[in-house]
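Given next are the chains, with one letter for each unit.
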Amino acid sequence: MTAHIKTQGGSVTQKPPSERHASVEELSRALMMLTAAEKLRLYAKSRLLVWGTEYTDPKELLNEAVKRALIAASGAKQDGERGRPWPIDRVPLPAFLSACMVSIADSSRESLGQRQTDRLEALAGEARDVDAMIYRAGGWNTDVVEQAIEVENAADRQHRAQADVQVIEAHFKATLNKPPNSAICC
């Protein structure tokens, strides 16, 4: 909606009205009021948009849109965070979140890191391991769950290795403390 203002020359100019953005409470309430069908449509849209982005799961993309709306509503933006204010009186929340996801996905696809990943994936071709090639180039292309499992496995391996070190050290200490001929039986 725009306001028309007539000037002396008879020309009409357009002036955008001031736009009200949702508060944290209004946004939270609207998020809680989303219907199952609206949630399903948003998730389906995120599944379509996630391809070619830095996001490995459609839920991450949807959550990023909600997070940015909350950041804008709270006004508590920290370094590097981007908020997206919801014009509550003009745009329904599902449409707003959908547009946010489109914008976030487009920005992600255009990012330098994603372009480099796309290039490495193209270079790897079908016959090579894409993840190995990206990893060698200093990147990583697994989902968050796989990364968490790898961290847990690495921690387990480190604990087992530490236990093995203790057993080996105890063995050598015991061997060094025995007299040399103690192994000979009478």
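What comes next concerns the included structure. (Residues numbered from 1 in each chain as written. Predicted model: local features only at pLDDT ≥ 70, side-chain atom pairs only at ≥ 80, totals over all residues. Heavy atoms only, no water.)

## Things to note about the overall build of the chain
Along the backbone of the chain there are seven helices and two strands. Starting at the N terminus and ending at the C terminus, the chain contains elements arranged as β-β-α-α-α-α-α-α-α. Residues counted as buried form 23% of the 186 residues belonging to the chain. Pairs at least 24 apart in sequence give 51% of the contacts found in the chain among residues at least 6 apart. Of the roughly 13,700 Å² that the chain leaves accessible, carbon and sulfur atoms contribute 56%. (Helix = DSSP H or I, 4+ residues; strand = E, 2+ residues; numbered from the N terminus. Buried < 20%, exposed > 50% of the residue type's maximum accessible area, 1.4 Å probe, protein only. Contact = heavy atoms within 4.5 Å. Areas by Shrake-Rupley, 256 points an atom, 1.4 Å probe, with all protein chains shown as cover.)

## Here's the deal with empty space enclosed by the protein
Scanning the model with the defined rule gives one cavity of 30 Å³ or more in all. Of the pockets and cavities examined, the largest cavity occupies roughly 30 Å³. In terms of lining, the largest cavity is formed by H21, A22, L27, A69, A72, A73, R84, P85 and W86. Counting residues per element, the lining of the largest cavity draws most heavily on helix α3 (residues 58-74), at three residues. By residue class, the composition of the lining of the largest cavity is seven nonpolar, one polar and one charged. (1 Å grid on protein atoms, 1.4 Å probe; cavity = no way out; pocket = protein on both sides within 12 Å on 5 of 7 lines; lining within 4 Å. Points joined across faces, edges and corners; volume = space filled by probe spheres on them. Nonpolar A, V, L, I, M, F, W, Y, C, P; charged D, E, K, R; others polar.)

## A short note on the nonpolar core
Grouped together as the largest cluster of nonpolar side chains are 24 residues, with contacts concentrated most on L27, W86, L93, F96 and L97. Secondary-structure elements contributing two or more residues to this core are α1 (24-32), α2 (36-49), α3 and α4 (93-110). Counting residues per element, this core draws most heavily on α4, at seven residues. For F96, the residues in contact, after removing those within four places along its chain, are A69, R84, P85, W86, P87 and V91. (Core = buried A, V, L, I, M, F, W, Y, C linked by side-chain atoms within 4.5 Å.)

## Topic: α2
With 14 residues, α2 should cover 20 Å at 1.5 Å per step; its first-to-last C-alpha distance of 20 Å lies within 8% of that length. Among all positions of α2, only L42, S46 and L49 are buried. Angular distribution of buried residues about the axis of α2 spans 65°; they occupy a single face of the element. Counted as exposed and oriented over 90 degrees from the buried face of α2: A36, L40, R41 and L48. Packing partners of the buried residues in α2 comprise α3 and α4. (Expected span 1.5 Å × (residues − 1). Arc of directions from axis to C-beta.)

## Describing the pattern of salt bridges
Overall, the coordinates contain five salt bridges when judged by the stated rule. Between E26 and R20 there is a salt bridge whose closest N-O contact spans 2.9 Å. For R109, the salt bridge goes to D106, with nearest N and O atoms at 3.0 Å. With R109 and D106 both in helix α4 and three residues apart, this pair spans about one turn of that helix. When salt bridges that share partners are traced, they join R20, E26 and D89 into one network. (Salt bridge = Lys/Arg side-chain N within 4 Å of Asp/Glu carboxyl O.)

In short, shape yes, function no, at least from these values alone.
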